[in-house]
Amino acid sequence: LPAGLSQWFPALEVLDVSGTGLTEMGTELLSLPCLHTLLAKNNRLGGPGSLPKGLGQAPLARSLRVLNLSGNRFSEVPPSLLQLRGLRSLSLGGNRLHGIPPDIQELQSLEFLYLGGNFITAIPPELAKLPCLRYLVLCDNKIQSIPPQLAQLHSLRSLSLHNNLLTYLPREILNLVHLEELSLRGNPLVVRFVRDLTYNPPSLQELAGRTIKTRNIPYTPSDLPESLVRYLSLASNCPNPKCGGVYFDSCVRQIKFVDFCGKYRLPLMHYLCSPECSSPFSSASQSSTSQSESDSEDEASVAAHRMQKVLLG
Amino acid sequence: FRYTRNLVDNGNGKFNLMILCWGEGHGSSIHDHTDSHCFMKILQGNLKETLFEWPEKKGNGEMVKKSERVLRENQCAYINDSIGLHRVENISHTEPAVSLHLYSPPFNTCNTFDQRTGHKHKVTMTFYSQFGERTVC
């Protein structure tokens, strides 16, 4: 960026330096108090000096709303970027990111996040702590699973997951009441009904913990070592409505198909407390070639209301 | 949050001329063209077109890709149901795309297809805007 930029154009609100071959953006940015949109796509940014130091203390930290760094060479999200607390829209599409930093949760005003076309393998659960996020794009990456915490993104309206490595989705995805669009094509989603994927028999500690929880045996923090008190607080309820059981670590992962929009079948991951604990509505057949019929009627009707557009095909 | 269809001219009922605006990463489903002619011209950016065979009557498997190509600015394409089905996508993560579409006769329903199974589903297509005015749902 040319030196003296902020002296010549102190009232600058929108700066577009896309396609200029920039390798770094320096301190000239720090003295632009009115800048709300910075477009720097298709450059050669990504190295150490890409963003100036002291970004968090500059007026830019509060004024910048839109930042587009797509088509550059970032292999990680620069930590200084996370100090831009006023940011509403961030694009890092088409870079070389291998992951998303947990501190992404610092961007509390973020509504639009585009991370398509990178090499991201996993999503940190901290991404779910963005209360204003409405549009999340994660297509064309290498993502193998979605953390169930993403269901906490109450404002999410559009989620793009196409062309990844997903085999199933967490059932919590049904909790995203405002979600209107979901793209899933190009994922190796499980097509056939798969029962009883894995089951490691529970440890004695787990069996004792289950007994305490299901029989409501009272205890106080002074009765047990702190580690066991913490362990007991991690109990999860078996989703089978007819089962009153709980589980800690030992559970059966079962893939269950739920209808969205009455047409598309998506494999959702269920955790049940044991292989015997199946959902009361699930078919017991081992259908091999045809897709299994809609299992839980309740779940299907709930899902149909909540998901309006699933771009699966 | 998806590509928009913006009607420009309805040719006295003989055709629909519309402009489609595709954001980064936006794509369509696999669809047919309800026995109409479909012309497409790229006005800005690039669009990838993937052609598919019609699924078998009793088909229950992955749909068969015939070919794919990337259409550049000013390039034109044509399709109708006898040629096959297609999916159109803006695969760029940095540039939006704009295309001009001519359908004759006009149609407002078509079938979308699940690539994994060949199952089809009839849908009604809507316009984001018509003659410059935002369409209220």
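What counts and how
Residues numbered from 1 in each chain as written. Chains lettered and ligands numbered in written order. Predicted model: local features only at pLDDT ≥ 70, side-chain atom pairs only at ≥ 80, totals over all residues. Heavy atoms only, no water. UniProt positions renumbered as here; feature names shortened; annotations may be inferred. Helix = DSSP H or I, 4+ residues; strand = E, 2+ residues; numbered from the N terminus. Rg over C-alpha atoms; globule rule 2.2 N^0.38 Å. Contact = heavy atoms within 4.5 Å. Areas by Shrake-Rupley, 256 points an atom, 1.4 Å probe, with all protein chains shown as cover. Lys, Arg positive; Asp, Glu negative; His and termini not counted. Charge placed at Lys NZ, Arg CZ, Asp CG, Glu CD. Buried area = accessible area lost by both parts, 1.4 Å probe. Salt bridge = Lys/Arg side-chain N within 4 Å of Asp/Glu carboxyl O. Polar contact = N/O pair within 3.5 Å; in protein donor to acceptor, adjacent residues only side chain to side chain. Nonpolar A, V, L, I, M, F, W, Y, C, P; charged D, E, K, R; others polar. Buried < 20%, exposed > 50% of the residue type's maximum accessible area, 1.4 Å probe, protein only. Arc of directions from axis to C-beta.

Identification of chain B as Cysteine dioxygenase from Chloropsis cyanopogon is taken from an unreviewed UniProt entry. Within the UniProt record for chain B, the comment given under Catalytic activity (unreviewed entry) is "L-cysteine + O2 = 3-sulfino-L-alanine + H(+)". The record held by UniProt for chain B lists under Sequence similarities (unreviewed entry) the comment "Belongs to the cysteine dioxygenase family."

In the nomenclature of an unreviewed UniProt entry, chain A corresponds to LRC58 protein from the organism Chloropsis cyanopogon.

Chemist: An account of the overall build of chain B is requested, with residue identities and associated values reported.
Modeler: Across its full length, chain B carries 0 helices and 13 strands. Starting at the N terminus and walking to the C terminus, you meet the elements of chain B as β-β-β-β-β-β-β-β-β-β-β-β-β. The C-alpha radius of gyration computed for chain B amounts to 15 Å, which stays within 12% of the reference 14 Å derived for 137 residues, consistent with globular compactness. Projected onto its principal axes, the C-alpha coordinates of chain B cover approximately 45 × 35 × 25 Å. In chain B, 72% of the contacts between residues at least 6 apart in sequence involve partners at least 24 apart. Of the roughly 7,200 Å² of accessible surface on chain B, a fraction of 52% belongs to carbon and sulfur atoms. Computing the positive centroid from 16 side-chain charges and the negative centroid from 15, chain B places the two 4 Å apart.

Chemist: Explain the interface of chain A and chain B residue by residue, including any values.
Modeler: Taken together, the contact between chain A and chain B spans 29 residues of the former and 23 residues of the latter. Counting the surface lost from both chain A and chain B, the interface buries some 2,100 Å², and carbon and sulfur atoms represent 49% of this. Connecting chain A to chain B are 2 salt bridges. Two residues, Glu95(B) and Lys41(A), come together in a salt bridge whose shortest N-O distance is 3.4 Å. Where chain A packs against chain B, one counts 10 residue pairs in polar contact (both at pLDDT 80 or more). Those elements that place two or more of their residues in the side of chain A that touches chain B are β13 (264–272) and β14 (309–311) of chain A. Among the residues making up the side of chain A that touches chain B, the classes are represented as 9 nonpolar, 11 polar and 9 charged.

Chemist: Could you give an account of the UniProt feature "binding site: Fe cation" (unreviewed entry) in chain B, with specific residues and numbers?
Modeler: Residues and elements named next belong to chain B. Mapped onto the present numbering, the UniProt feature "binding site: Fe cation" (unreviewed entry) falls at His 31, His 33 and His 86. The greatest C-alpha distance among the annotated residues, which extend across 56 residues, is 9.3 Å, indicating that they converge on a single site. Every residue in contact with His 33, bar those within four places of it in the chain, is listed here: Cys 38, Ile 79, Asp 81, His 86, Tyr 103 and Phe 107. Here His 31 takes part through its side chain, which lies 3.5 Å from a polar atom of the side chain of His 33.

Chemist: A description of helix α3 (residues 204–214) of chain A should follow, citing residues and the corresponding values.
Modeler: Residue and element names in this part refer to chain A. If you check which residues of α3 are buried, you get Glu 206, Gly 209 and Arg 210. The buried side chains of α3 occupy one side of the element, clustering within an arc of 100° when seen end-on. Of the surrounding elements, those touching the buried residues of α3 are α4 (226–232) and β11 (246–247). The positive-phi residue at the C-terminal boundary of α3 is Asn 216, with phi of around 55°.

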